[in-house]
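Chain by chain, the residues:
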Amino acid sequence: MTNENFENKLSQELAKYKLTQKKPNILIAGGTGVGKSSLINKSFGKNIAKTDTGTPVTRDLKKYEDKNIPVVLFDTQGYEIGSGKEEEFISSLDEYLNNTKNNDNQIHLAWYCIQASGHRVTDFDLKALHTLEKNQVPIAVVLTKSELISDSNAESIKNILKDKWVIFETSTQDDRFNDQLIALI
């Protein structure tokens, strides 16, 4: 068998294998306006999720599938601290994770987004992270809009989270963070 024939055969076998494998599901969660939809679009290099400035866009859980993207994305509706709907967010997250265990929509990884320019991790962020953890979902904490804070402020935020979760600093505006986006995928 020639090297070219081997490469063709390998390519064909890989293509067949890909058809039999299910894509992993990633849940993207976080507060309203933290940049979840922008993160999705920047990470995959195309406009998958609708974005807007100033108004919440994602009104419920949105599932995004694309044949050219190796994962299925589930973008949650954001929450606003002080809106009185925080517990509703936690309850619906917990319910969704429980109801999708062992089916095609089971979440395999969560990207929990915290807007870095907020300069803090809230008690509610920790509660949401613990809800994901309780449901045995691996978590990547994603600091969004990282271009808006200093390195020392970023370190302060990371120090709160680093002992429990993997943390990525990202930006849809600053290419210095592209390596973090690549690592996230």
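Residues numbered from 1 in each chain as written. Predicted model: local features only at pLDDT ≥ 70, side-chain atom pairs only at ≥ 80, totals over all residues. Heavy atoms only, no water.

Asker: Lay out helix H2 (residues 36-44) with the relevant residues and their values.
Answerer: Where burial is concerned, most of H2 is hidden: seven out of the nine residues are buried. Among all positions in H2, only Lys-36, Ser-37, Leu-39, Ile-40, Asn-41, Ser-43 and Phe-44 are buried. The secondary structure elements touched by the buried residues of H2 are strand E1 (25-30), strand E2 (62-64), strand E3 (72-75), strand E4 (109-115), strand E5 (139-144) and helix H6 (178-184). (Buried < 20%, exposed > 50% of the residue type's maximum accessible area, 1.4 Å probe, protein only. Helix = DSSP H or I, 4+ residues; strand = E, 2+ residues; numbered from the N terminus. Contact = heavy atoms within 4.5 Å.)

Asker: Describe the pairing of E5, listing the residues and the values that go with them.
Answerer: The buried fraction of E5 is high, at six of six residues. Residues Ile-139, Val-141 and Leu-143 line one face of E5 and the alternating positions Ala-140, Val-142 and Thr-144 line the opposite face, and both faces are buried. Bridge analysis of E4 against E5 gives six bridges, and the strand direction is parallel. Across the sheet, residue Ala-110 finds its bridge partner in E5, namely Ile-139. Handedness of the E4-helix H4 (residues 123-134)-E5 crossover: right-handed. Judged from the four bridges that link them, E5 and strand E6 (residues 166-169) form a sheet pairing that is parallel. When the bridges of E6 are listed, Val-141 appears paired with Ile-167. With helix H5 (residues 151-161) bridging E5 and the parallel E6, this β-α-β connection has right-handed handedness. (Pairing = 2+ DSSP bridges. Right-handed = clockwise from strand over helix to strand, strands pointing away.)

Asker: Explain the side chain of Thr-100 to me, and be specific about the residues and the numbers.
Answerer: Tracing the chain through its elements places Thr-100 in the loop between helix H3 (86-99) and E4. Exposure remark for Thr-100: the relative accessible area of 6% places this residue in the buried category. Leaving out residues up to four positions away in the same chain, Thr-100 has contacts with Asn-105, Gln-106 and Ile-107.

Asker: Run through the packing of aromatic side chains, naming residues and quoting values.
Answerer: Under the criterion given, the structure shown has five aromatic pairs. On the basis of an interplanar angle of 5° and a centroid distance of 6.4 Å, the ring pair of Phe-44 and Trp-111 is categorised as stacked. Of this pair, Phe-44 sits in helix H2 while Trp-111 sits in strand E4; the two residues are 67 residues apart in sequence, bridging distant segments of the chain. Classification of Phe-44 by relative accessible area gives buried; the value is 14%. (Phe/Tyr/Trp six-rings, centres within 6.5 Å; stacked < 30°, edge-to-face > 60°.)

Asker: Give me the lowdown on the pattern of salt bridges, citing residues and values where you can.
Answerer: According to the stated counting rule, one finds eleven salt bridges in the structure shown. A salt bridge links Lys-9 to Glu-13; the shortest N-O distance between them is 3.4 Å. In this pair, Lys-9 and Glu-13 are both assigned in helix H1 (residues 3-20), four residues apart and thus about one turn of the helix distant. Notably, a salt bridge pairs Lys-164 with Glu-133, separated by 3.4 Å at the nearest N-O pair. Within this pair, whereas Lys-164 is found in the loop between H5 and E6, its partner Glu-133 is found in helix H4, the two being separated by 31 residues in sequence. We classify Lys-164 as partly exposed; its relative accessible area is 46%. What makes Glu-133 partly exposed here is its relative accessible area of 32%. Through salt bridges with shared partners, one network takes in Glu-155, Lys-158 and Glu-169. (Salt bridge = Lys/Arg side-chain N within 4 Å of Asp/Glu carboxyl O.)

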